[in-house]
Every structure is written in C-alpha cells, then in structure tokens.
Amino acid sequence: DTAVSQTPKYLVTQMGNDKSIKCEQNLGHDTMYWYKQDSKKFLKIMFSYNNKELIINETVPNRFSPKSPDKAHLNLHINSLELGDSAVYFCASSQDRYGEAFFGQGTRLTVV
Amino acid sequence: DQQVKQNSPSLSVQEGRISILNCDYTNSMFDYFLWYKKYPAEGPTFLISISSIKDKNEDGRFTVFLNKSAKHLSLHIVPSQPGDSAVYFCAARRNAGNMLTFGGGTRLMVKP
C-alpha cells in the first residue's frame, strides 16, 4: 500500500490552463505539505496543513491554492499556469508538526 | 539565500568503502537535521536524523555527525553498497515549526 500517493504522476498542459494535483495519505498523519523541486533540483516548501488548517504558506503566487477536504487529503490547484511553474511537485505528510516527513512519488508538471 | 548547502553535487565511491556526504548550514536557529535519500522518479525517503543536542547518531550502516560550532553535518555510509546509489538531501528545521529547508542534494554513485 502506498503511504503518500499523488495523482497524476505526469502532467503536460498549456500556459493559461488551470490544473489540480491530488494527494492522499493513509498513514493517519495530522500534517501534510506541498514541496516544489525546481529546475536546479532544490526542494522548497510551499504549504503546510495541520488537521486541515493552513500553518505555513511560503511566498507562493496566489495562483496556487491548496485545498484540504479532510486531514488525509491535500490537493493543489494552480490557476493560469505559467512556463515557470514547470517543476516536480511533491506532497508529504508527517505524524505531527515535528515528525519526519514521508514523501509521495512526485508529479512532474510541464507547462508548454 | 541558501541556508543549507551541499557543495558536492556528486560523489563516486567503490563498493565496500566509506561514503561521506557533507552539508553546511548558515542559520544558527536550526536545531534538527535530517538526511533523505531519493531514487529517480520517486519521492525522498527519510534516512536518519539528529537533534542539535547530540553530535552523533547511528543507524546500521548510516551515521550522521553534527558539528554545531562549524555549522556542519555529515552522513557516513559504511560499507557502501551499489543500492546506496541515489541523490542524498540534507535538510534542517527550526524548533518553532515544521518547515524543512533542503540542501541541493548530492548524487552518490557506488561502483561495484
């Protein structure tokens, strides 16, 4: 059983489109995250949710909106996609705010 | 401003020898450090961690050393195995929150 699963694994879309990436964890964790790995391979946090509440929102354009319908899910919706949004997006979860993060396999987003 | 740096983008080691991966940080508020391992097309996997109150933590073939005065940590893998070939990310965290700051990664290649 996959602990943290993201869909889709690959996403190719045109500039200006709106897209969503879904994330689910079956670990019973309270905290979930979205990280972005850019072209230089740096992993940077975007958002963190604890029990469905936003606790971290790094400097991310407001075109990016996380949605947490319940504590097992944290979806990422992106409006008006730009070329610079092309990256690998990783979802992660941890037991609580202080536990080690478990990562999903990543979603490679390519904006053309 | 990169607060966590891994200055060696790659490292090649013979099977059975020791692999030493290095990481430097600049933020003295970091008090918890983690190493993640990443295979291609997969998410990072937690490997080992160390709190700032310790200077060494060991788990099987993996040992992490922390030198707070130098703001430096290292991961030792002994003996190295071909299956250890992956990208290794160093990450750091402040006690106030759960945001991980990652280094840029070091690609380790263990040759049979």
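Residues numbered from 1 in each chain as written. Chains lettered and ligands numbered in written order. Predicted model: local features only at pLDDT ≥ 70, side-chain atom pairs only at ≥ 80, totals over all residues. Heavy atoms only, no water.

*Asks:* For the overall build of chain A, give the residues involved together with the corresponding values.
*Replies:* Scanning chain A for helices and strands turns up zero helices and 11 strands. Ordered by position from the N terminus, the helices and strands of chain A form the series β-β-β-β-β-β-β-β-β-β-β. Here the C-alpha radius of gyration of chain A, 13 Å, is about what a compact globule of 112 residues would show, namely 13 Å. Along the first, second and third principal axes, the C-alpha set of chain A runs to 35 × 30 × 25 Å. Counting the 112 residues in chain A, one finds 46% classified as buried. Counting every atom, chain A has about 5,600 Å² of accessible surface; 47% of that belongs to carbon and sulfur. (Helix = DSSP H or I, 4+ residues; strand = E, 2+ residues; numbered from the N terminus. Rg over C-alpha atoms; globule rule 2.2 N^0.38 Å. Buried < 20%, exposed > 50% of the residue type's maximum accessible area, 1.4 Å probe, protein only. Areas by Shrake-Rupley, 256 points an atom, 1.4 Å probe, with all protein chains shown as cover.)

*Asks:* Report on the layout of surface pockets, specifying residues and quantitative values.
*Replies:* Empty space among the atoms becomes visible once a probe the size of a water molecule is rolled across them. Here the largest pocket is characterised by a volume of approximately 570 Å³. Lining the largest pocket are 21 residues, with Leu43, Lys44, Ile45 and Glu58 of chain A together with Thr101 of chain B sitting closest to its centre. The set of elements that each furnish at least two residues to the lining of the largest pocket consists of β5 (43-50) of chain A together with β10 (101-102) of chain B. Of the residues forming the lining of the largest pocket, the biggest block, four residues, is contributed by β5 of chain A. In the lining of the largest pocket, the residues fall into 11 nonpolar, four polar and six charged. (1 Å grid on protein atoms, 1.4 Å probe; cavity = no way out; pocket = protein on both sides within 12 Å on 5 of 7 lines; lining within 4 Å. Points joined across faces, edges and corners; volume = space filled by probe spheres on them. Nonpolar A, V, L, I, M, F, W, Y, C, P; charged D, E, K, R; others polar.)

*Asks:* Go over the pattern of salt bridges with me, naming the residues and quoting the values.
*Replies:* Throughout the structure, instances matching the rule amount to five salt bridges over all chains. Among the ionic pairs, Asp84 of chain B bridges to Arg61 of chain B, the shortest N-O distance being 2.8 Å. Taken together, the residues Asp84 of chain B in the loop between β8 (72-77) and β9 (86-94) and Arg61 of chain B in the loop between β6 (56-59) and β7 (62-67) connect sequence positions 23 residues apart. Of the residues examined, Arg61 of chain B reaches a relative accessible area of 22% and is grouped as partly exposed. Three or more residues joined by partner-sharing salt bridges are found here, namely Arg63, Glu82 and Asp85 of chain A. (Salt bridge = Lys/Arg side-chain N within 4 Å of Asp/Glu carboxyl O.)

*Asks:* So what about the interface of chain B and chain A? Which residues, and what values?
*Replies:* Of the residues lining the interface, 21 residues belong to chain B; the matching set on chain A comes to 22 residues. Around 1,700 Å² of area is buried between chain B and chain A when both sides are counted, 59% of it from carbon and sulfur atoms. Joining chain B to chain A, the criterion identifies zero salt bridges. For the interface between chain B and chain A, the tally reads four residue pairs in polar contact (both at pLDDT 80 or more). The set of elements that each furnish at least two residues to the side of chain B that touches chain A consists of β4 (30-38), β5 (45-51) and β9 of chain B. Tallying contributions element by element places β4 of chain B first for the side of chain B that touches chain A, with four residues. Of the residues contributing to the side of chain B that touches chain A, the split by class is 10 nonpolar, eight polar and three charged. (Contact = heavy atoms within 4.5 Å. Buried area = accessible area lost by both parts, 1.4 Å probe. Polar contact = N/O pair within 3.5 Å; in protein donor to acceptor, adjacent residues only side chain to side chain.)

*Asks:* Before we move on, can you summarise the state of the cysteines with the specific residues and values?
*Replies:* Residue and element names in this part refer to chain A. Under the definition given, this model contains two disulfides over all chains. One disulfide bridge connects Cys23 with Cys91, the sulfur atoms lying 1.8 Å from each other. Sign of the S-S torsion, about -75 degrees for the bond between Cys23 and Cys91, identifies this disulfide as left-handed. Here Cys91 lies in strand β9 (residues 87-94) and Cys23 lies in strand β3 (residues 19-25), a separation of 68 residues in the sequence. (Disulfide = S-S within 2.5 Å.)

*Asks:* Hey, could you go over the sheet that holds strand β1 (residues 4-7) of chain A for me, with residue numbers and the actual values?
*Replies:* Residue and element names in this part refer to chain A. One open sheet accounts for four strands, arranged β1-β3-β8-β7; its pairing is antiparallel. The sheet terminates laterally at β1 and β7 (64-70), the two strands that pair on one side only. For this sheet, the mean angle separating the axes of adjacent strands, direction not counted, is 20 degrees. In this sheet, strand β8 (residues 73-78) lies alongside β7 in antiparallel orientation, the contact comprising five bridges. The residue bridging Lys67 from the neighbouring strand is Asn75, located in β8. (Pairing = 2+ DSSP bridges. Axes fitted to C-alpha atoms, helices over the stretch in contact; angles between N-to-C directions.)

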